[in-house]
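# Fold and contact review
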Amino acid sequence: MKIKQKKIIFHDIITTSSEKNAKKIKNLITNLYSYKKIPVDDNDLPTDILIWDDKIALITFSKPVFGTIITNKELSQTFKTLFYVLKKLL
């Protein structure tokens, strides 16, 4: 798997509805995947956000599934900072 060969670490921001999938991914790629669940009371976030290197993936799971990858060093750094701040707060 290229992810393991390149040792790409994914940082994922999830909600309760995506926690089951996040645990499966964590079991598959162990230390190359880190996620933090944010508390959402009534409304779930309809997208998944993955952050790695200088990339951000935004994925919707509604039908049709849609995803896009943004490659930008500054945006990636901003999302990584937000991820780490969330991780410390939660």
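Report on the accompanying structure. Small disclaimer: the values here were computed from a predicted structure and weren't measured.

## Things to note about the pattern of salt bridges
Side-chain pairs of opposite charge can arise whenever the charged atoms involved come near each other. According to the stated counting rule, one finds 1 salt bridge in the structure shown. Note that K55 and D54 form a salt bridge whose closest N and O atoms lie 3.1 Å from each other.

## Focus on helix α2 (residues 19-29)
Along α2, the positions that sit buried rather than exposed are E19, A22 and I29. Projected onto a plane normal to the axis of α2, the buried residues spread over an arc of 100° and lie on a single side. For α2, the exposed residues set more than 90 degrees away from the buried face come down to K20, N27 and L28.

## Let's talk about helix α3 (residues 73-89)
Between its terminal C-alpha atoms α3 stretches 24 Å, which fits the 24 Å expected from 17 residues at 1.5 Å a residue. Residue N72 occupies the N-cap position of α3, its side-chain oxygen lying 3.0 Å from the main-chain nitrogen of E74.

## Structural notes on the pairing of strand β4 (residues 55-60)
Pairing between strand β3 (residues 47-52) and β4: 6 bridges, direction antiparallel. Note that in β4 the partner of I49 across the bridge is L58. Both β4 and strand β5 (residues 66-71) contribute to a ladder of 6 bridges, which runs antiparallel. Pairing of K55 across the sheet is with T71, part of β5. Hairpin connection between β4 and β5: a loop of 5 residues separates the two successive antiparallel strands.

## Overview of the side chain of S34
Position of S34 among the secondary structure elements: in strand β2 (residues 33-37). Residue classification places S34 among the buried residues on the basis of a relative accessible area of 16%. Among residues more than four places away in sequence, those in contact with S34 are F10, H11, D12, F83 and K87.

## Notes on the pairing of strand β1 (residues 10-14)
Taking burial as the measure, the 5 residues of β1 include 5 buried ones, the bulk of the element. Neither face of β1 is open: one carries F10, D12 and I14, the other H11 and I13, and all of them are buried. Bridge count for β1 against β2 is 5 bridges, and the pairing is parallel. Bridging across to β2, I14 finds its partner in K37.

## Regarding the sheet that holds β3
With mixed pairing, the 5 strands of this open sheet are ordered in space as β2-β1-β3-β4-β5. For this open sheet the edge positions go to β2 and β5, each flanked by a neighbour on one side alone. On average, adjacent strands in this sheet sit at an angle of 20° to one another, irrespective of strand direction. The strands touched by α2 are β1 and β2; relative to β2, the strand with the most contacts, the crossing angle is about 160°. Running over the sheet, α3 touches β1, β2, β3, β4 and β5 and is turned about 110° from β3.

Cut-offs applied
- Residues numbered from 1 in each chain as written.
- Predicted model: local features only at pLDDT ≥ 70, side-chain atom pairs only at ≥ 80, totals over all residues.
- Heavy atoms only, no water.
- Salt bridge = Lys/Arg side-chain N within 4 Å of Asp/Glu carboxyl O.
- Buried < 20%, exposed > 50% of the residue type's maximum accessible area, 1.4 Å probe, protein only.
- Helix = DSSP H or I, 4+ residues; strand = E, 2+ residues; numbered from the N terminus.
- Arc of directions from axis to C-beta.
- Expected span 1.5 Å × (residues − 1).
- Polar contact = N/O pair within 3.5 Å; in protein donor to acceptor, adjacent residues only side chain to side chain.
- Pairing = 2+ DSSP bridges.
- Contact = heavy atoms within 4.5 Å.
- Axes fitted to C-alpha atoms, helices over the stretch in contact; angles between N-to-C directions.

Honestly, it's all geometry; don't read function into it.
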